Amino acid sequence: MKLLPLRARPRTIDPGEVALHARNVHFDWRDTPLHWMADEPIASHLINALNLLLPEGERMFCQAFSEALPLIKDEKLREQMLGFIGQESMHAETHSGVLDEVLTVHGIDVEPYVRQMEYLFRKSLGPRDGQDARKEFQTLVERLGFIATLEHFFAFLGDWILNADLERFGTDPNMLDLYRWHGAEEVEHRFVAYEVAEYFEIGYLRRCALMLFTFPIFLSLVVRGTKYLVRQDESMPDLGYPRLIVRVFGSMWRGALPGVPSLLWSALSVFTPGYTPESVGSTAQAVAYLAKSPAARAIAS
């Protein structure tokens, strides 16, 4: 598959590890269209599908990390986890705002899909009642490993959207800033879930098994969410999965979505012995974007 070049990364000195903190942001969604990439409605819906997934997923991340905190004796890691929880909590609330103020305003009934995500992240991937202490601990460790796997993808997607030239598709600046702000913080805190997994001794074999399990499920949920949005969009035909997938590949070809080769390469990278998230994005680039994000500057001014 042809991959269009990403924008050149700014030449900045990597600041190394940074202290994590939640950033207040403000978005005005009154003029944001449903197809926020005007020239790429399918890509708009696929990325919008993340709004259906992320709020409940990130709340689960915060809950699991809060449960793990009393077990962490490393004060530096605890501080990073608290910063991670603050950032993920802000992400969840901001994406919930998109559900209410963009998708619902444009006639999308988000409730059925959101209820399913609540069941997935609160019941299937949440804490389980009636377990003894040993099984409860093992369940928590599995959840932390699952989070580390997803955070690898979110850092990859954050790096992609920071560098992809999406403006050429007639992009709404507010929605683009939302995803770049979120993506930059994913790159900024990309080590935290990995280090928590290392702390709880989630080794190479379990990391690989989690990737084999998580990768297809994550992709299927995103595609399913895309189909759900397309079906409710009165301006578009109700596409079946084969035609939808063809159109998704077209958006990838044009550079409006990350391509299959890069997605696969990202997934396979965790199978490398000695893997760390260091190569997934640039902390310097992420921090530089966060310093100029319009949504963050709107609060500061």
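Computed from a prediction, not measured in an experiment: that's the story for all the values here. (Residues numbered from 1 in each chain as written. Predicted model: local features only at pLDDT ≥ 70, side-chain atom pairs only at ≥ 80, totals over all residues. Heavy atoms only, no water.)

Caption draft 1: Seen up close, the overall build of the protein chain. Of regular secondary structure, the protein chain possesses 11 helices and 0 strands. In terms of overall dimensions, the protein chain is globule-like: its C-alpha atoms have a radius of gyration of 19 Å, near the 19 Å expected for 301 residues. Over its C-alpha atoms, taken along the principal directions, the protein chain stretches across nearly 55 × 45 × 40 Å. Expressed as a percentage of the 301 residues in the protein chain, the buried residues total 53%. Look at the contacts in the protein chain between residues 6 or more apart in sequence, and 84% of them connect residues 24 or more apart. On the protein chain, roughly 14100 Å² of surface is accessible, and the fraction owed to carbon and sulfur atoms is 58%. (Helix = DSSP H or I, 4+ residues; strand = E, 2+ residues; numbered from the N terminus. Rg over C-alpha atoms; globule rule 2.2 N^0.38 Å. Buried < 20%, exposed > 50% of the residue type's maximum accessible area, 1.4 Å probe, protein only. Contact = heavy atoms within 4.5 Å. Areas by Shrake-Rupley, 256 points an atom, 1.4 Å probe, with all protein chains shown as cover.)

Caption draft 2: Structural detail: the packing of helix H3 (residues 111-124) against helix H7 (residues 204-232). Two numbers describe how H3 lies on H7: the axes approach to 11 Å, and their chain directions differ by 160 degrees. Comparing their axes, H7 and H3 come out roughly antiparallel. Taken as a pair, H3 and H7 cross one another with a handedness that is right-handed. Two secondary-structure elements touch here, H3 through Pro-112, Tyr-113, Gln-116, Met-117 and Leu-120 and H7 through Leu-221, Arg-224, Gly-225 and Tyr-228. Of the residues assigned to the contact of H3 with H7, the class counts are 6 nonpolar, 2 polar and 1 charged. (Axes fitted to C-alpha atoms, helices over the stretch in contact; angles between N-to-C directions. Parallel < 35°, antiparallel > 145°, perpendicular 65-115°, else oblique. Left-handed = near helix turned anticlockwise from the far one by under 90°. Nonpolar A, V, L, I, M, F, W, Y, C, P; charged D, E, K, R; others polar.)

Caption draft 3: Inspection of the pattern of salt bridges at higher detail. Scanning all chains against the criterion turns up 15 salt bridges. Ionic pairing is found between Arg-23 and Glu-185, a salt bridge with its closest N-O pair at 2.9 Å. With Arg-23 in the segment before helix H1 (41-68) and Glu-185 in helix H5 (residues 173-188), this pair connects stretches of sequence that are 162 residues apart. Like Glu-185, Arg-23 is buried. Note that Glu-40 and Arg-254 form a salt bridge whose closest N and O atoms lie 2.5 Å from each other. (Salt bridge = Lys/Arg side-chain N within 4 Å of Asp/Glu carboxyl O.)

Caption draft 4: Examining the nonpolar core more closely. Leu-52, Phe-65 and Met-81 are the most contacted members of the largest nonpolar core, which has 91 residues in total. The element contributing the most residues to this core is H1, with 15 residues. Ignoring sequence-local partners within four residues, the contact set of Met-81 consists of Phe-65, Ala-68, Leu-69, Ile-72, Val-192 and Val-196. Residues Tyr-194, Met-211, Phe-215 and Ala-267 belong to the second largest nonpolar core, which totals 7 residues. (Core = buried A, V, L, I, M, F, W, Y, C linked by side-chain atoms within 4.5 Å.)

Caption draft 5: Structural detail: the environment of Leu-176. Examined against the element boundaries, Leu-176 turns out to sit in helix H5. According to the relative accessible area criterion, Leu-176 is buried, its value standing at 5%. Residues Leu-176 and Leu-229 lie 53 residues apart in sequence; the distance between their C-alpha atoms is 19 Å. When near neighbours in sequence (up to four residues on either side) are disregarded, Leu-176 contacts Trp-36, Ile-161, Leu-166, Glu-167 and Thr-171.

Caption draft 6: Structural context of unusual backbone geometry. The phi dihedral of Glu-201 falls on the positive side, at around 60 degrees, and the residue is not glycine. In this structure, Glu-201 sits in the loop between helix H6 (190-199) and H7.

Caption draft 7: Up close: the packing of aromatic side chains. On inspection of all chains with the given rule, the structure shows 12 aromatic pairs. Within the aromatic cluster, the residues linked to one another by ring pairs are Phe-61, Phe-153, Phe-154, Phe-215 and Phe-218. A cation over an aromatic ring shows up here: Lys-227 above the ring of Tyr-241, its NZ or CZ 5.3 Å from the ring centre. (Phe/Tyr/Trp six-rings, centres within 6.5 Å; stacked < 30°, edge-to-face > 60°. Lys NZ or Arg CZ within 6 Å of the ring centre and 35° of its normal.)

Caption draft 8: Up close: the environment of Ala-295. Secondary-structure assignment places Ala-295 in helix H11 (residues 294-300). Once residues within four sequence positions are removed from consideration, Ala-295 is found in contact with Asn-24, Val-25, His-26, Phe-27 and Asp-177.

Caption draft 9: Just the packing of H1 against H5, in detail. Running from amino to carboxyl end, H1 crosses H5 at an angle of 45 degrees, the nearest separation of the two axes being 13 Å. One element, H1, and the other, H5, form an angle in the oblique class. H1 and H5 meet at a crossing whose hand is left-handed. Facing Ile-47, Asn-48, Asn-51, Leu-54 and Glu-58 of H1, the residues of H5 in contact are Met-175, Leu-178, Tyr-179, His-182 and Glu-186. When its residues are assigned to classes, the contact of H1 with H5 shows 5 nonpolar, 3 polar and 2 charged.

Caption draft 10: H1, seen in detail. Between the first and last C-alpha of H1 there are 40 Å, a value that for 28 residues agrees with the 40 Å anticipated at 1.5 Å per step. The largest bend in H1 is about 40 degrees, located at Leu-53, with the proline Pro-55 one to four residues further on. Of all 28 residues that make up H1, 23 are buried, and the element is covered over most of its length. (Expected span 1.5 Å × (residues − 1). Bend = angle between axes of the 7 residues up to and from the residue.)

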